[in-house]
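# Secondary and tertiary structure notes
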Amino acid sequence: MAKAEAKNVTALSSSFNDHIRPILDAVDRLRQLKVMQEGIELPTIVVVGDQSSGKSSVLESLAGISLPRGQGICTRVPLIMRLQDDPYLSQPQLQLEYKDKTIPTSEDGIADAIASATDDIAGSGKGISNTPLTLVVRKSGVPDLTMVDLPGITRVPVHGQPENIYEQISNIIMEYITPKESIILNVLSATVDFPTCESIRMSQQVDRTGERTLAVVTKADKAPEGLLEKVTADDVNIGLGYVCVRNRIGDESYEQARAEERKLFETHPLLSRIDKSIVGIPVLAQRLMQIQAASIAKSLPDIVKKINEKLSQNISELDEMPENLGSMGDAVRVFLHMLSMSKESLRRLLIRGEFDEFPDDASMHATARMADMLDQFSGGLPSDCPSADERFLMEEIVVLEEAKGINGLPNFLPRNAFLILLRRKVKDMSHGPGEFVQKVWAYVEEVVIRVLLHHSENYPQIQPLIRRASQNLIGNMRNHSLNFIRETIEMEMAADYTTNPDYLKKWGELMGGHDAFTKNYFGQSSLVLPGFGEVDVGHLRQYAAMAEQAFDMRMRIMAYWKIVVLRLVETVGLHIICSVNRLVEREMEKELVGDLVGPRMAGLERMLDESPATAAKRERLRKSIELLKESKEVVAVIMDRVVTTIK
Ligand code: GDP
Ligand code: MG
């Protein structure tokens, strides 16, 4: 009977070697390539269990080597154990890998090597860490399995352990057992009541139905009573079933331990009643390999998908990264390209009014925003000629009084009086255009800088230069505009001049009230006049002829004022359009080239030295792409096999 079992296991194992082994090799290869770092989960057997339930002992039994065992928590970091069967090895080969280190070790030295690597990772106290340690065991006859041993769950911190040890450990365990790809190997001691196990509670949180949980019951030798009933009752929903084992005790060798185990389950009056298909380490090894292979086969399509996604994501990220500039020629080329891209963007925003680059950002819809500003500016100008004196014609009369000469005829309208009045009024509103151009340039500066920074985002080292050059540039443009405004205002104050027919038209309308005024202002206290409505005129009686002159002047200046305001708005508007055009088409390039290329190309030189962060990112992406490509090949080779091997 026992012989038949053993033979069966060997037969399974040889068919396993033919078919499943290549898949495991591939997955192992993926693991070596560290695809997990790329966020791709590989099927893993995760060993969980309460403290001292026998986790390390089970792993020992599977690997046929001795692991640190003892009181308190010995397993303080996740230990990834990769068992690889190598029939041609006469001696087992062991090595530890962690933090980029590879430490060859031996069967005798393994316990110490793990202990000191653990100290290295988690400190020499009783603290724990989630940085894993990998133990590779190549040995003849060992099952091909990759398993993770995790710190055991403990409710109460022992002396020297951090207070939150329970939370720390559960976090690590959760991290490993949550992914659907994980197979949970729940280690339960036969000496305890299963439903009270902390590890059962945790695995049920992530695998309620138990479909990816296998239980291994240790210490069968210590509590044989009722064990059969416990595993048949399955009070704790173990979907993949139970395997009862007896691990190495004391100083037994691996072979002795297996012989004792066999004997125990064959001869013990209670234990021998348990079905042979669920007892012993060889059965456990076989079950685990089958489960692992099936799980891998199931996950492969998903792994392929994830590798492809990650690969194309990284490739496009690398494509979008700035070029690494090797020479001054490269820098000049990239800089000029950047400049022409920026110029085109600004042309669209500031001149043509095409906003497809910033469809949802109204603050960048520059032609529209500048039109708003111009509207606001013209709306803020007095469209009707303002008067400094509320009383009808009194402002005019005061000016006329001052302007009268000894040689002028009393009813002759002195031109200088008109000009005095005009200058005063133009001056009163002259701050408006100045404020307007300040505002427009401040806005244009924002747009220009934003566009330039956007197009130079890959070269942050020259952005301060670009910003400064833009500020200088806009500063010059602004000064130029302010000079222009000053000159425009000066022109308006220098003379009264227009050929616009609207002037005469408006004046004619206003003069429609002339006769009524001259005839009646003397005798009446108020009059209705075109363009004014009803006005008080009583106070004019005393000014006689001067009131008539004042009336005449008032009507002229009112008609002329409309012309002045319109001319100002149009001139300033045209000036801004023209200046912005000049900025985009000529000045920006001149300034930036002058500043960044300059006589010694100092700015461009900066483009050549890449920031360490960018260099590191590029390197990381390159490595990751290489790795993913290799992973893709590895997976492609086995995909066909899987389809035919595992149903
Ligand atoms: P871990 O904390 O879960 O890793 O548990 P260990 O593997 O360190 O085992 C705890 C103790 O239980 C050790 O003293 C082991 O020798 C003992 N032990 C483990 N498995 C068995 C078993 O099957 N039978 C007996 N008698 N003792 C065992
Ligand atoms: Mg342990």
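Located above this text is the structure these notes cover.
Quick summary incoming for the structure in this document. (Residues numbered from 1 in each chain as written. Chains lettered and ligands numbered in written order. Predicted model: local features only at pLDDT ≥ 70, side-chain atom pairs only at ≥ 80, totals over all residues. Heavy atoms only, no water.)

### Things to note about the packing of aromatic side chains
Counting across every chain of the model gives nine aromatic pairs. Ring geometry for phenylalanine 377 against phenylalanine 436: centres 4.7 Å apart, planes inclined by 15°, an arrangement best described as stacked. Placement of phenylalanine 377 in helix 10 (residues 366-380) and of phenylalanine 436 in helix 13 (residues 431-455) is noted, with a sequence separation of 59 residues between them. Of the two residues, phenylalanine 377 and phenylalanine 436, neither departs from the other in class, the shared state being buried. In this structure an aromatic cluster arises from ring pairing among Phe392, Phe517, Tyr521, Phe522, Phe532 and Phe551. For the cation-ring pair, lysine 139 lies above tyrosine 254, with the distance from its terminal atom to the ring centre recorded as 5.6 Å. (Phe/Tyr/Trp six-rings, centres within 6.5 Å; stacked < 30°, edge-to-face > 60°. Helix = DSSP H or I, 4+ residues; strand = E, 2+ residues; numbered from the N terminus. Buried < 20%, exposed > 50% of the residue type's maximum accessible area, 1.4 Å probe, protein only. Lys NZ or Arg CZ within 6 Å of the ring centre and 35° of its normal.)

### Observations regarding the coordination of the magnesium ion (ligand 2)
Of the protein atoms, only Ser56 (OG) and Thr75 (OG1) coordinate the magnesium ion (ligand 2), at distances of 2.1 to 2.7 Å. Of this pair, serine 56 sits in helix 2 (residues 55-63) while threonine 75 is found in the loop between helix 2 and strand 2 (79-85), placing the two residues 19 residues apart along the sequence. Neither residue differs from the other here; serine 56 and threonine 75 are each classed as buried. (Donors = N, O, S within 2.8 Å, 3.2 Å for Na, K, Ca; no water.)

### Examining the pairing of strand 7 (residues 182-189)
Counting buried positions along strand 7 gives eight out of eight residues, so the element sits mostly inside the fold. Residues of strand 7 alternate between two faces, with Ser182, Ile184, Asn186 and Leu188 on one and Ile183, Leu185, Val187 and Ser189 on the opposite face, all of them buried. As defined by bridge partners, strand 1 (residues 44-49) adjoins strand 7 across six bridges and the pair is classed as parallel. Within strand 7, the residue paired with valine 48 across the bridge is asparagine 186. Looking at chain direction, strand 7 and strand 8 (residues 213-218) are connected through six bridges and run parallel. Note on strand 8: the bridge partner recorded for isoleucine 184 is threonine 213. (Pairing = 2+ DSSP bridges.)

### Quick notes on unusual backbone geometry
Among all residues save glycine, negative phi is the norm, and among peptide bonds the norm is trans. Of note, the phi angle at lysine 219 is positive, near 55°, even though the residue is not glycine. Tracing the sequence through the fold places lysine 219 in the loop between strand 8 and helix 6 (227-233). Of the residues examined, lysine 219 reaches a relative accessible area of 23% and is grouped as partly exposed. Unlike most non-glycine residues, asparagine 237 shows phi in positive territory, near 55°. Among the structural elements, asparagine 237 can be located in the loop between helix 6 and strand 9 (242-244). With a relative accessible area of 43%, asparagine 237 lands in the partly exposed category.

### Quick look at the packing of helix 10 against helix 13
In the contact formed by helix 10 and helix 13, the axes pass within 10 Å of each other and the chain directions differ by 165°. Judged by the angle between their axes, helix 10 and helix 13 are roughly antiparallel. Between helix 10 and helix 13 lies a crossing whose hand is right-handed. Side by side, helix 10 and helix 13 meet where Ala366, Arg369, Met370, Met373, Leu374, Gln376 and Phe377 of the first sit next to Gly432, Pro433, Phe436, Lys439, Val440, Tyr443 and Val444 of the second. When the residues that make up the contact of helix 10 with helix 13 are grouped by side-chain class, the tally is 10 nonpolar, two polar and two charged. (Axes fitted to C-alpha atoms, helices over the stretch in contact; angles between N-to-C directions. Parallel < 35°, antiparallel > 145°, perpendicular 65-115°, else oblique. Left-handed = near helix turned anticlockwise from the far one by under 90°. Contact = heavy atoms within 4.5 Å. Nonpolar A, V, L, I, M, F, W, Y, C, P; charged D, E, K, R; others polar.)

### Notes on the pairing of strand 2
Across the seven residues that make up strand 2, a large majority, seven, are buried. Both faces of strand 2 are covered, namely the face carrying Leu79, Met81, Leu83 and Asp85 and the face carrying Ile80, Arg82 and Gln84. Pairing analysis gives seven bridges linking strand 2 to strand 5 (residues 133-139), with the strands arranged parallel. By the bridge assignment, methionine 81 is partnered in strand 5 with leucine 135. Two elements, strand 2 and strand 6 (residues 145-149), share five bridges in a ladder whose sense is antiparallel.

### Brief notes about the site of ligand 1
If you check the shell around ligand 1, you find 14 residues, and the closest are Lys55, Ser56, Ser57, Asp221 and Asn247. Aspartate 221 places a polar side-chain atom, nitrogen or oxygen, 2.8 Å from a nitrogen atom of ligand 1. For ligand 1, the protein covers 83% of the area, taking 570 Å² as the surface of the free molecule. Class assignment of the residues belonging to the shell around ligand 1 gives a composition of one nonpolar, six polar and seven charged. (Near = heavy atom within 4 Å. Polar contact = N/O pair within 3.5 Å; in protein donor to acceptor, adjacent residues only side chain to side chain. Areas by Shrake-Rupley, 256 points an atom, 1.4 Å probe, with all protein chains shown as cover.)

### Digging into the nonpolar core
Within the largest apolar cluster, 92 residues are counted, with the highest numbers of intra-cluster contacts made by Leu350, Phe392, Val444, Phe517 and Leu540. Top element by residues in this core is helix 17 (residues 545-597). It accounts for 25 residues. Once residues within four sequence positions are removed from consideration, phenylalanine 392 is found in contact with Phe517, Leu529, Phe532, Val535, Asp536, Val537, His539, Leu540, Phe551 and Met555. Ranked by size, the runner-up nonpolar core spans 41 residues in total, among them Ile45, Ala113, Ile114 and Val216. (Core = buried A, V, L, I, M, F, W, Y, C linked by side-chain atoms within 4.5 Å.)

### Topic: the state of the cysteines
Inspection of the entire model under this criterion finds zero disulfides. The thiol sulfur of cysteine 244 is not disulfide-bonded, and the nearest other cysteine sulfur, from cysteine 197, lies at 14 Å. Residue classification places cysteine 244 among the buried residues on the basis of a relative accessible area of 0%. (Disulfide = S-S within 2.5 Å.)

### Focus on the environment of threonine 154
Its place among the elements puts threonine 154 in the loop between strand 6 and helix 4 (165-177). Each C-alpha atom, one on threonine 154 and one on tyrosine 166, is 6.0 Å from the other, the two residues being 12 residues apart in sequence. With residues up to four places along the chain from it excluded, the contact list for threonine 154 reads Gln51, Ile165, Tyr166 and Ile169.

### Points about the pattern of salt bridges
All chains considered together, the criterion is met by 36 salt bridges. Glutamate 354 is the salt-bridge partner of arginine 348, the closest N and O atoms lying 4.0 Å from each other. Among the residues examined, glutamate 354 registers a relative accessible area of 33% and is labelled partly exposed. Between aspartate 372 and arginine 369 there is a salt bridge; the shortest N-O distance is 3.0 Å. On the criterion of helical spacing, the pair formed by aspartate 372 and arginine 369 is a turn pair, its members being three residues apart in helix 10. The class of arginine 369 is partly exposed, set by a relative accessible area of 24%. A single network of salt bridges, built from pairs that share partners, joins Glu344, Arg347, Arg348, Arg352, Glu354, Glu357 and Glu585. (Salt bridge = Lys/Arg side-chain N within 4 Å of Asp/Glu carboxyl O.)

So yeah, pure geometry; function would need other evidence.
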